[in-house]
There are 4 protein chains.
Amino acid sequence: MQEKPDYQTLGPIDYLFNRFRKIRNYTTKLCAPLAPEDFVVQPIVDVSPPKWHLGHTTWFFENFILVPNHKGYKLFNKRYNYIFNSYYENAGDRILRSNRGNLSRPLLKDVLDYRKHVDQHLVELIGKLDLDSPLLGLIELGLQHEQQHQELLITDLKYIFGNNPLFPVYQENDGDIISEFSRETCSTNYEKIDGGIYQIGHQGNSFCYDNELGIHDVYIKEFSSRATLITNREFLEFINDKGYENHNLWLSEGFEWVKKHNITAPEYWFRKGENWVNYTLTGIKPIVLDAPVCHVSYYEADAFAQWKGERLATEFEREVSSKKIDSAGRWEWTNSAYLPYPGFKKADGALGEYNGKFMVNQMVLKGASTATSIGHSRPSYRNFFHPQLRWQYTGIRLTKNN
Amino acid sequence: MQEKPDYQTLGPIDYLFNRFRKIRNYTTKLCAPLAPEDFVVQPIVDVSPPKWHLGHTTWFFENFILVPNHKGYKLFNKRYNYIFNSYYENAGDRILRSNRGNLSRPLLKDVLDYRKHVDQHLVELIGKLDLDSPLLGLIELGLQHEQQHQELLITDLKYIFGNNPLFPVYQENDGDIISEFSRETCSTNYEKIDGGIYQIGHQGNSFCYDNELGIHDVYIKEFSSRATLITNREFLEFINDKGYENHNLWLSEGFEWVKKHNITAPEYWFRKGENWVNYTLTGIKPIVLDAPVCHVSYYEADAFAQWKGERLATEFEREVSSKKIDSAGRWEWTNSAYLPYPGFKKADGALGEYNGKFMVNQMVLKGASTATSIGHSRPSYRNFFHPQLRWQYTGIRLTKNN
Amino acid sequence: MQEKPDYQTLGPIDYLFNRFRKIRNYTTKLCAPLAPEDFVVQPIVDVSPPKWHLGHTTWFFENFILVPNHKGYKLFNKRYNYIFNSYYENAGDRILRSNRGNLSRPLLKDVLDYRKHVDQHLVELIGKLDLDSPLLGLIELGLQHEQQHQELLITDLKYIFGNNPLFPVYQENDGDIISEFSRETCSTNYEKIDGGIYQIGHQGNSFCYDNELGIHDVYIKEFSSRATLITNREFLEFINDKGYENHNLWLSEGFEWVKKHNITAPEYWFRKGENWVNYTLTGIKPIVLDAPVCHVSYYEADAFAQWKGERLATEFEREVSSKKIDSAGRWEWTNSAYLPYPGFKKADGALGEYNGKFMVNQMVLKGASTATSIGHSRPSYRNFFHPQLRWQYTGIRLTKNN
Amino acid sequence: MQEKPDYQTLGPIDYLFNRFRKIRNYTTKLCAPLAPEDFVVQPIVDVSPPKWHLGHTTWFFENFILVPNHKGYKLFNKRYNYIFNSYYENAGDRILRSNRGNLSRPLLKDVLDYRKHVDQHLVELIGKLDLDSPLLGLIELGLQHEQQHQELLITDLKYIFGNNPLFPVYQENDGDIISEFSRETCSTNYEKIDGGIYQIGHQGNSFCYDNELGIHDVYIKEFSSRATLITNREFLEFINDKGYENHNLWLSEGFEWVKKHNITAPEYWFRKGENWVNYTLTGIKPIVLDAPVCHVSYYEADAFAQWKGERLATEFEREVSSKKIDSAGRWEWTNSAYLPYPGFKKADGALGEYNGKFMVNQMVLKGASTATSIGHSRPSYRNFFHPQLRWQYTGIRLTKNN
C-alpha cells in the first residue's frame with residue numbers, strides 16, 4: 001500500500017519528485033513475487049503480460065513527454081514504440097494486442113533498464129520545470145496512467161495464476177501486498193437519497209480524466225441504495241436457486257454468454273465436492289461468505305438484481321450517493337453505458353484517444369476496488385468495461401426506487 | 001401505403017376488425033412483387049427470409065392469443081412453433097436464427113394457408129370479445145408487432161435484392177409501394193430547444209411498448225437541433241475529405257469495423273467510374289444529392305458528427321425536440337444506449353422477452369423511416385439496433401450545445 | 001433411370017444428339033418433385049442449391065463450348081458467368097461458394113430458359129460438326145460433368161430435405177425416381193485377389209477423366225476383399241459397442257470431428273426412443289438392417305475397420321478387385337489419398353482445373369452409388385471427397401491381408 | 001553436434017547409459033542461449049514453448065517407463081501429467097494444445113529439477129535391467145522421441161525469435177550450435193533410378209518407428225531425381241516470375257492459403273528495399289543464393305515443381321533413391337500422403353497413439369534436416385506434416401519421369 005505524499009510540506013516540484021518515485025516504485029514492488037517467466041504470458045486477449053505493463057507505462061512517459069519535450073533525448077530502443085504502444089493510432093504502428101504474449105523479448109531485465117533510463121531522464125526534466133509548465137499536468141497524467149496499470153497488473157497476474165493448473169501463490173497472507181477480502185457486515189440496510197437536480201462531473205482543480213469533465217445537471221428521482229455490497233452468501237443463494245439457468249433473469253446476450261462459456265459461478269470459483277472454493281492471491285481457499293462477491297460480469301450483476309427484484313444504480317445515482325456510501329473494495333457495475341457527457345471534448349492528437357474512442361458497447365463502473373491504487377479514484381471517476389468481462393475486482397450494489 | 005381506419009365512426013370491435021384486416025393485408029401486399037424464390041433466402045443473419053416474417057407474425061397471434069384463449073383451437077402445424085418462434089425462450093425450442101434461410105419448406109403457399117387459418121380463427125375470436133377484454137390489448141400488440149415486421153420485410157428484401165448480382169427491381173417507380181426518397185431541402189438551420197426538466201416516456205392511454213413506460217423527469221440543457229437531416233451531398237463531402245480513413249473521427253470499435261469490412265460508403269453505394277450510384281427499390285440509380293443520407297451505421301453517424309464538430313442528440317433531447325421537428329423518412333441514431341427507464345418493469349412470461357432482454361450493447365434510434373408503417377411510431381418510441389447495423393433506413397441528424 | 005442409347009444402330013452424331021437430350025432431360029426430371037423454394041437453399045457450404053446445379057451445368061456448355069466455338073453466339077445473360085462459374089479461376093470472377101444460397105434470382109424459370117437457350121444452340125452446333133471434330137470430346141466432357149451434377153443434385157436435395165424440421169418427401173416409394181435401398185445379403189464372405197503387378201488406370205478409347213490417365217504398373221500383394229458391403233446391422237453393433245466413444249479406434253482428426261459435432265451415428269440417423277430411424281427420400285423410416293450402411297465419413301469407415309481388425313482397401317486394390325466384385329450402391333472409401341498418377345498431365349487452361357487442383361487432403365472413393373447416373377462410373381473412376389464429408393451415398397467395404 | 005557413442009567398445013547397458021546421458025544433455029545444451037522468458041511463449045499453435053519440450057520429453061520417460069516399471073517411484077508432481085501430456089488420450093486429461101503458452105509455471109528451474117529427478121531414477125532403473133529386458137526398447141523409444149523434440153525445439157525457438165520484432169540472435173556464427181547453411185553446388189544434374197520392384201520399409205533389427213514396419217514390395221518405374229536440392233537462386237526466379245500469383249501452378253487449397261495469408265516468399269523472408277533478407281539463427285541476413293531453399297510448405301514445393309514442369313518424388317521413390325542421393329539439410333516434401341503401410345499394426349495402449357492416429361491429411365517428408373539429431377533419420381524414416389506448415393527446415397527436390 002502506498003503512503004500518500006504530503007503536498008503541504010513540500011514544494012510542488014519536490015512533491016512531484018516524491019510522487020513520481022513512489023508511484024514508479026510501487027509498480028515494481030507489485031512485481032516482487034514474480035519470476036521472469038511470469039512476466040511473459042497472455043492467457044486471454046484482455047490480459048497483458050506484466051512485462052508489457054512495465055514497458056507500456058514507461059513508453060507513455062517516453063513517447064508523450066520526453067520525446068517532444070526533453071532536448072537531445074535518445075530513444076532507449078526505437079523498436080519499443082512498436083512493442084509498447086497500446087492503442088494510439090496517432091503514435092504509429094504497433095503489434096496486435098493478441099500478440100503481446102508471444103514476445104519473449106525484450107527480457108525482463110531489458111524492460112527494467114528501460115524503466116531506469118526513462119526515469120532518470122524524466123527526473124532530469126522535472127528538475128528543470130517551471131511551476132506553471134504545462135508538462136506538470138502531462139506528468140500527472142502519466143502517473144495516473146501508471147496507477148491504472150498497477151490495478152491491471154494485479155488483475156492480470158491473478159488471471160495468469162488463477163488459470164494455471166498449479167495455482168501459484170502470489171502472497172502468503174492476504175494483505176501482504178494486496179488485501180482482497182475487505183469483510184463487510186452482511187446487511188440489507190438501505191440509504192435513501194433525495195431526489196432533485198444534481199451537478200454531475202468533476203469539480204475543482206485537482207486531476208481528473210477528460211471523460212469526467214463538463215459538469216452538467218442531471219435530475220435524479222429519490223431512490224434507495226444498499227448500504228453494503230452483495231456478499232458471497234447472497235450470491236450463493238442465487239446460484240442455489242438455479243439463477244444461472246433461469247433465462248428470465250438474463251439479458252439475451254448475457255444468457256448466450258452463460259451457455260457458450262458454461263458459466264455457473266463467478267470467475268475463479270471451482271467446485272470441490274459439494275462445496276465451492278475460489279482462487280485467491282494466497283491460493284485456493286474456501287469462499288468467505290461475508291466478503292463481497294467479486295469477479296462477476298455486468299450480465300451476472302444484472303441477473304442477480306433481477307432475481308432480487310431490484311436494479312443496479314445509474315452512474316449518476318452512484319456518484320450522488322457517494323456522499324453517504326463509501327466504496328468497499330469492488331468496482332460496482334452501474335446500469336449506465338459509457339457515453340460522452342454532453343459537453344465532452346476530446347484532446348487533440350494521441351491523448352485524445354485516451355478515453356473518448358471507447359465510448360460504445362461498454363458499461364460504467366463506479367467506486368474503486370481493493371486493487372485500485374490509493375488516491376486514484378473519486379466519485380466522478382468513470383471506469384468502464386465490456387459487459388462480459390470479470391477479471392477485474394467487480395461486485396454488485398443494488399438500488400431500488402422508493 | 002395504408003389508409004388510417006376511422007376509429008370515431010366505428011365501434012371499437014368493428015374498428016379492430018377493420019384494423020386487423022388492413023394490417024394483415026398490408027403485409028401480403030408488400031410481398032406482391034416477390035416470386036416464391038425471393039421468400040426463402042437469408043444472406044446475413046440479421047435479415048430474415050420474407051416467408052419467415054409471414055409465418056412468424058402469424059405464429060405470434062396463434063401462440064400468444066389463440067392457443068391460450070380460443071377454446072378448441074387446433075394448431076395448424078405443431079412443427080411451426082419450432083420454425084417460427086423467433087427468440088422467446090418461454091415458448092420452447094426453436095431453430096437457430098442463422099438457419100432460417102436454410103428452410104425451403106414450408107412452402108410459400110403453406111405459409112399463406114397458415115395465415116388464412118389463423119386470421120379466420122382470430123376473426124372468430126374477436127367477434128366474441130367483450131369491450132373490456134384484456135385480449136384487445138394483446139391483439140393490438142400483435143398488430144404493432146406485425147407492423148414492426150412490415151418494416152423489416154422491406155429492409156430485408158432490399159438487402160436480398162441489393163446484394164444479388166442481378167439487382168432485381170422491387171417497384172417500377174419510387175412510391176409505387178414504398179417511397180424511399182423524401183427529398184429534404186438541404187438546410188443548415190437549427191431549432192433551439194429550451195433547457196429544463198421534461199417528462200420522458202409515453203403519456204396517455206394509447207398503445208405503446210413496455211420500454212416506453214414509466215414517465216420520468218429528465219433535465220435537459222438548452223441545445224439546438226438541425227432542422228433537417230444530413231443529405232447525401234453533405235455525406236459525400238465527408239467521403240471526399242477521406243472521413244473513412246481518418247481514425248481520429250472514429251470510435252475504436254467503429255474504425256475496426258471500417259477496416260475489417262473495408263467500408264468506404266453507406267450500404268448499397270457502389271462506385272461507377274468516378275461516380276457513386278446506389279441500389280434502390282427501383283434498381284441501381286444515381287445518388288440523389290438532396291435526399292437524406294441513408295443506410296449508415298451508428299459508427300458512421302458518430303464519425304460524421306465528429307467531422308462536423310457537432311454531436312448526435314440523446315434520445316431524451318430527440319423526444320423533446322419532436323414538438324418542433326418532424327421525422328423525415330430516416331431513423332435517427334441517437335447517442336443514447338438502449339437501457340431500461342428507471343421504472344421499467346417487464347411483463348411476466350414470454351411477452352416479457354419482447355423488449356427488455358435486449359437492453360445492452362444497442363443504441364436507441366428515434367423518429368421513423370420511410371418504411372415504417374403509418375401510425376406505428378411516436379415521439380416516445382424507442383427503436384434500437386447494434387451500432388454496426390445499417391440495413392435499416394437509418395440517417396443522421398446533428399445537434400449542438402448552445 | 002436412364003435408358004442407355006444404342007450406339008450401334010445410330011451414327012455417331014445422332015447418337016450424340018440422343019445422348020445429349022437424354023442426359024439434359026434427366027437432370028430436369030430429377031427436379032420434378034421440387035417446388036421453386038426448394039431450388040434456392042444451401043444449408044451447408046458443400047451443398048449447392050438445385051437451381052445452381054441447373055445453371056452451372058448449362059454455363060459449362062455455354063462457356064467452354066458455345067462461346068469459343070459457335071459463331072455469333074450471344075450470352076444469355078452476361079452476369080451468369082459470375083453466378084454460375086464454380087471454381088474456374090481461368091474463367092473469371094465468381095461469387096463465393098458460400099453465397100450460392102443467398103441468391104433468390106435468377107428465378108427457376110429464368111434458369112430453365114437459360115437451359116433451353118443453351119440446349120438449342122448446342123443442338124445447332126452439334127448438327128454442324130464433323131465426325132472428327134475435337135468438340136465431340138468436349139461435349140462428352142460436358143455430359144459427364146452434367147452426370148456428376150445429377151448425383152450432387154440428388155445428394156444435395158436429400159440434405160436440404162433431411163435437415164428440414166418438416167422432413168419433406170421427395171418420392172412416394174423407393175425407386176420411383178431413385179432407389180436408395182439396394183438390399184445386400186449380409187455376408188462375411190471374402191474374395192481372394194492374387195498378388196502381382198497390375199496395370200492401373202483407364203484403358204481403351206472410351207471417355208475418362210484426366211485423373212485416370214497414365215496407365216502405370218502397381219505391385220499388389222495378395223489380399224481378400226469382403227464380397228458385400230457392411231450393413232446397417234453390423235454398423236449398429238459398432239454403435240452399441242460404444243465405437244464412437246473409443247478414441248483408440250479413431251484417427252486423431254476424426255475423433256476431434258466426432259467430439260466437435262457430437263457425432264453418434266451416420267448422417268440422417270435419429271434416435272426415436274430406444275430405436276434409430278433415418279431420413280430417406282421417402283421420409284423418416286426405420287433402419288433397414290440388411291441394407292448397406294450409408295452416409296458415413298472416411299473417419300467412420302476407418303474407425304469401423306479398426307474395430308473389426310481389418311482395413312479399407314487402397315484404390316489400386318479396389319480397382320483390381322472390380323473384376324470379381326461389383327459395386328453395390330455406395331461409394332466405397334479407400335485408404336488412398338487423392339494424388340496424381342505418376343504420369344498425370346493436366347490440360348491447359350480452365351479445363352486443367354477440373355480435377356488436378358484438388359489433389360491434396362482428399363480421399364479416393366471407388367465404385368458408384370445408387371445416385372450415380374448409369375454408365376457414369378467405371379473401375380478406374382476416381383471419386384474424391386474430404387474425409388469428414390458424408391452427405392454422399394458413401395459406404396464401407398473391408399479388406400484384409402492374407 | 002553430438003558425438004556418436006561407440007557401441008562396439010561398450011557393453012549394451014553402458015552404451016545405453018552413455019547414449020541416455022548424451023541425448024538428454026544435448027537437449028539442455030540446445031537451450032543454453034535462452035533466457036527464462038524464452039522458454040514460455042507459443043506464438044502459433046504448432047510451436048510449443050521450449051519449457052514444454054523439456055517437460056514433455058521427461059514426462060514421456062516418467063509416464064511410460066518409470067511409473068509402470070520402477071517400483072516405489074513417486075511422481076515428481078502429479079499435476080505434471082496434465083501439463084506435459086501431449087496427445088495421449090490413454091494417458092488422461094491434458095491442457096489444450098493452444099494453452100501451452102499460457103503457463104508461466106512450472107518455472108524453468110522446476111522443469112530442470114523434474115528432468116534431474118527423472119534422469120536419476122531412470123539411471124537407477126537402467127542399472128538393474130537385464131540384457132533382454134523389453135524396457136531397453138522402450139528407453140530407446142524415449143530417446144528417439146527426445147531427438148524428435150530436439151529438432152522441434154530448434155524450429156520452435158527459431159519461430160519464436162524470427163517473429164519477434166527484435167529478431168534476437170540465437171548463435172553468433174552459423175554452426176556454433178546449429179549449421180543452417182549447408183551450401184550445395186547449384187546443379188541441374190539428375191540421377192537415374194532404375195525401375196523394378198523394391199522392398200519398402202525398415203529392414204534389420206535397429207530401431208525404427210512402427211510406421212516404418214511391414215516391409216512390402218512396391219513397383220517403381222524408372223525415374224530421374226535431381227542430384228541436389230532447389231536453391232534460393234532458383235526459388236527467387238519463381239518469385240520473380242510471379243509464381244505466387246499464377247493460380248494455374250497451385251493446388252486449390254494452396255492458392256487459398258496464399259491469398260488468405262498473403263504469402264509472397266518462404267517463411268522468414270522479408271523485403272528490404274529491392275532485396276530479400278531472411279531471419280536466421282544468427283539474425284537477419286541476406287539470402288544465400290546457393291543454399292537450398294528452406295521453410296517452404298508442401299503447397300509451395302508443389303507449385304514450384306509445376307512451374308518447372310517436373311514433380312515431387314513419391315516417398316517410395318525417395319526411399320529407393322537414397323542409395324544414390326544423400327539428404328542435404330532439408331526435409332524433402334514428397335508427393336505421398338501419410339498413410340499406413342499395408343501391414344501396419346499399431347501398438348496397444350498409449351504408445352499406439354505415437355504415429356498411427358495422424359495418418360490423414362498430412363504429407364510424408366523424407367531425408368533429414370540440418371536440425372535433425374545425428375543418427376535419428378534413415379531412408380525408411382517417414383516424417384509427416386500438414387501441407388501448409390513451413391516452420392520446419394523443409395526444402396524441395398524435384399523428380400521427373402524418363
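Details of the structure are given in the entry above.
Residues numbered from 1 in each chain as written. Chains lettered and ligands numbered in written order. Predicted model: local features only at pLDDT ≥ 70, side-chain atom pairs only at ≥ 80, totals over all residues. Heavy atoms only, no water.

## Topic: the overall build of chain A
Inclusion rule: Helix and strand assignments follow DSSP, with helices taken as H or I runs no shorter than four residues and strands as E runs no shorter than two, numbered in order from the N terminus. Taken over C-alpha atoms, the radius of gyration is set against a globule rule of 2.2 Å times the number of residues to the power 0.38. In these tables, accessible area is a Shrake-Rupley quantity obtained with a 1.4 Å probe, and a residue counts as shielded only by the protein chains included in the view. Counted as positive: Lys and Arg. Counted as negative: Asp and Glu. His and the chain ends are not counted at all. The atoms used to mark charge sites are NZ of Lys, CZ of Arg, CG of Asp and CD of Glu.
Along chain A, the regular secondary structure elements total nine helices and 13 strands. Taking 402 residues into account, the globule formula puts the C-alpha radius of gyration at 21 Å, and chain A, at 22 Å, falls close to it. For the C-alpha atoms alone, the extent of chain A along its principal axes is close to 65 × 55 × 40 Å. About 16,000 Å² of surface is accessible on chain A, with carbon and sulfur atoms providing 49% of the total. Charge-centre separation for chain A: the mean point of 46 positive side chains lies 2 Å from the mean point of 49 negative side chains.

## What to know about the interface of chain B and chain A
Much of the literature gives interface size as the accessible area that the parts lose upon coming together. Put simply, the test is: In this analysis, two residues are considered to be in contact whenever any of their non-hydrogen atoms come within 4.5 Å of each other. A quick way to say it: buried area is the sum, across both parts, of accessible area lost when two parts are put together, with a 1.4 Å probe. Salt bridge criterion: a side-chain nitrogen from Lys or Arg within 4 Å of a carboxyl oxygen from Asp or Glu. Within 3.5 Å is the distance limit for a polar contact, defined as a pair of N or O atoms, with the added protein rule that one can donate a hydrogen and the other accept it, and that residues adjacent in sequence qualify only through two side-chain atoms. Amino acids outside the nonpolar list (Ala, Val, Leu, Ile, Met, Phe, Trp, Tyr, Cys, Pro) and the charged list (Asp, Glu, Lys, Arg) are all regarded as polar, and Gly is one of them.
Contacts between chain B and chain A engage 37 residues on the former and 37 residues on the latter. In total, chain B and chain A occlude about 2,900 Å² of area from one another, counting both sides; carbon and sulfur atoms represent 51% of this. By the criterion of area lost to chain A, the three top residues of chain B are Tyr-219, Val-360 and Asn-361 of chain B, representing 19% of everything that side buries. Scanning the region where chain B abuts chain A turns up two salt bridges. Measuring nitrogen to oxygen at the nearest pair gives 3.9 Å for the salt bridge that ties Glu-89 of chain B to Lys-259 of chain A. Our count for the chain B to chain A interface comes out at 12 residue pairs in polar contact (both at pLDDT 80 or more). Breaking the side of chain B that touches chain A down by element, the ones donating at least two residues are β3 (216–220), α7 (252–261), α8 (298–308) and β9 (331–337) of chain B. Its residues assigned to classes, the side of chain B that touches chain A comprises 17 nonpolar, 12 polar and eight charged.

## Comments concerning the packing of aromatic side chains
To be explicit about the condition: Pairing of aromatic rings covers Phe, Tyr and Trp, the last through its six-membered ring, and needs centres within 6.5 Å; plane angles under 30 degrees mean stacked, over 60 mean edge-to-face, and all others mean tilted. Only protein chains enter the accessibility calculation, which uses a 1.4 Å probe; a residue whose area is less than 20% of its type maximum is buried, one above 50% is exposed, and one in between is partly exposed. Charge-over-ring contacts are defined here by two conditions on Lys NZ or Arg CZ: a distance within 6 Å of the ring centre and an angle within 35 degrees of the ring normal.
In total, this model carries 152 aromatic pairs over all chains according to the counting rule given. Arranged with centres 4.7 Å apart and planes meeting at 80°, the rings of Tyr-87 of chain A and Phe-358 of chain A form a pair that is edge-to-face. Of the two residues, Tyr-87 of chain A is situated in the loop between α3 (80–84) and α4 (108–127) and Phe-358 of chain A in the loop between β9 (331–337) and β10 (363–367); the sequence distance between them amounts to 271 residues. A relative accessible area of 23% places Tyr-87 of chain A in the partly exposed class. Sitting above the plane of the Trp-52 of chain A ring, Arg-100 of chain A keeps its charged end 3.6 Å from the centroid. Between Arg-79 of chain D and the ring centre of Tyr-82 of chain D, over which it is positioned, the NZ or CZ distance is 5.1 Å.

## Focus: the pairing of strand β10 (residues 363–367) of chain D
Residue and element names in this part refer to chain D. Put simply, the rule is: Strands are treated as partners if at least two bridges between them are detected by DSSP.
For β10, a buried count of five out of five residues is recorded, marking the element as mostly surrounded by other parts of the structure. On β10, burial covers both faces: Met-363, Leu-365 and Gly-367 on one face and Val-364 and Lys-366 on the other are all buried. Note that strand β9 (residues 331–337) and β10 share four bridges and pair antiparallel. Looking at the pairing, Trp-333 lines up with Leu-365 of β10. Judged from the three bridges that link them, β10 and strand β11 (residues 383–385) form a sheet pairing that is antiparallel. Bridging across to β11, Val-364 finds its partner in Phe-384.

## Focus: the side chain of Ser-321 of chain D
Here Ser-321 of chain D lies in helix α9 (residues 315–321). Those residues in contact with Ser-321 of chain D that lie beyond four places of it in its chain are Ile-193 and Phe-223 of chain D.

## Here we look at the relation of the copies chain A and chain D
To keep things clear, this is the line we draw: Least-squares superposition of the copies uses the C-alpha atoms of those residues scoring a pLDDT of at least 70 in each of them.
Of the transformation placing chain A onto chain D, the axial shift is 0.0 Å and the rotation is 180°, giving an RMSD of 0.0 Å. Each copy turns onto its partner about a two-fold axis. Using C-alpha coordinates, one finds that chain A approaches the rotation axis most closely at Glu-37 of chain A, a distance of 2.5 Å. A high fraction, 100%, of the interface residues of chain A reappear at the interface in chain D, so the copies pair face to face through one surface.

## Let's talk about the interface of chain A and chain D
Between chain A and chain D, the contact holds 30 residues from the first and 30 residues from the second. Roughly 2,300 Å² of surface becomes buried between chain A and chain D when both sides are summed, with 62% attributable to carbon and sulfur atoms. Between chain A and chain D we count two salt bridges in total. The tally of links between chain A and chain D comes to 10 residue pairs in polar contact (both at pLDDT 80 or more). At the level of elements, α3, α4 and α5 (135–162) of chain A are the ones that each hand at least two residues to the side of chain A that touches chain D. Taken together, the residues of the side of chain A that touches chain D break down into 19 nonpolar, six polar and five charged.

## Overview of the relation of the copies chain B and chain A
Between the two copies, chain B and chain A, the superposition gives an RMSD of 0.0 Å; the rotation angle is 180° and the shift along the axis is 0.0 Å. Of the residues that chain B buries at the interface, 100% are likewise interface residues in chain A, meaning the two copies contact each other through the same surface.

## Digging into the sheet that holds strand β8 (residues 311–312) of chain A
Residues and elements named next belong to chain A. Reading across from one edge, β1-β4-β13-β8 is the order of the four strands in this open sheet, with antiparallel pairing throughout. In this open sheet, the two strands that pair with only one neighbour each are β1 (190–193) and β8. As judged from the four bridges shared by β1 and strand β4 (residues 223–226), these two strands associate in the antiparallel manner. Across the sheet, residue Glu-191 finds its bridge partner in β4, namely Ser-225.

## Digging into the packing of helix α1 (residues 12–30) of chain A against helix α2 (residues 50–69) of chain A
All names here are of chain A. Operational definition: Geometry is summarised by axes, namely lines fitted to C-alpha atoms with helices restricted to the contacting stretch, and by angles between N-to-C directions that run from 0 to 180 degrees. Roughly parallel refers to an angle under 35 degrees, roughly antiparallel to one over 145, roughly perpendicular to one between 65 and 115, and oblique to any angle outside these ranges. Throughout, a crossing is termed right-handed when the near helix is turned clockwise from the far one, and left-handed when it is turned anticlockwise from it by less than a right angle.
Relative to each other, α1 and α2 sit at 155°, their axes nearing to 10 Å. Put simply, α1 runs roughly antiparallel to α2. Of the two elements, α1 crosses α2, and the hand of that crossing is left-handed. Contacts from Phe-20, Arg-24, Thr-27 and Thr-28 of α1 reach α2 at Leu-54, Thr-57, Thr-58 and Phe-61. Among the residues making up the contact of α1 with α2, the classes are represented as three nonpolar, four polar and one charged.

## Some words on the pattern of salt bridges
One pass over the full model with this rule turns up 84 salt bridges over all chains. Linked by salt bridges that have partners in common, Arg-24, Arg-115, Asp-119 and Glu-146 of chain A make up one network.

## What about α5 of chain A?
Note on helix geometry: an α-helix contains 3.6 residues per turn, so any two residues three or four positions apart are oriented the same way. Under the convention used in this document: Here the expected span of a helix is defined as 1.5 Å times the quantity of residues minus one.
An ideal rise of 1.5 Å per residue puts 40 Å on 28 residues; α5 of chain A measures up with 40 Å between its terminal C-alpha atoms. Of all 28 residues in α5 of chain A, 24 are buried; the element is thus mostly enclosed.

## Focus on the environment of His-376 of chain C
All names here are of chain C. Along the chain, His-376 turns up in the loop between β10 (363–367) and β11 (383–385). The sequence separation of His-376 and Gln-147 amounts to 229 residues, and the corresponding C-alpha distance is 6.9 Å. Sequence-distant contacts of His-376, defined by excluding residues within four places in its chain, comprise Gln-144, Gln-147, Gln-148, Tyr-209 and Tyr-381. A polar contact is formed between the side chain of His-376 and the side chain of Tyr-381, at a distance of 2.6 Å.

## A closer look at the sheet that holds strand β7 (residues 283–286) of chain A
Residues and elements named next belong to chain A. Read from one edge to the other, the open sheet built from three strands follows the order β5-β6-β7, with strand pairing classed as antiparallel. One side of each edge strand has no neighbouring strand; the edge strands of this open sheet are β5 (269–272) and β7. For this sheet the average axis-to-axis angle between neighbouring strands, irrespective of direction, equals 40°. Bridge count between strand β6 (residues 275–280) and β7: four bridges; the pairing is antiparallel. Bridge assignment links Thr-280 to a residue of β7, and that residue is Gly-283.

## A look at the arrangement of the chains
Spatially, chain A and chain C are disjoint, and the shortest separation between their C-alpha atoms is 14 Å. For chain B and chain D, which are not in contact, the least C-alpha distance works out to 14 Å.

## Thoughts on the nonpolar core
Stated precisely, the cut-off is as follows: Nonpolar core, defined: a set of buried Ala, Val, Leu, Ile, Met, Phe, Trp, Tyr and Cys residues in which side-chain atoms within 4.5 Å join the residues together.
Among the nonpolar cores identified, the biggest contains 426 residues, and Trp-250 and Ile-396 of chain A, Trp-250 and Ile-396 of chain B, Ile-396 of chain C together with Trp-250 and Ile-396 of chain D are the most heavily contacted of them. Setting aside residues no more than four positions away along its own chain, Ile-396 of chain D makes contact with Leu-229, Ile-230, Phe-235, Val-293, Val-296, Glu-300, Ala-301, Phe-304 and Leu-312 of chain D.

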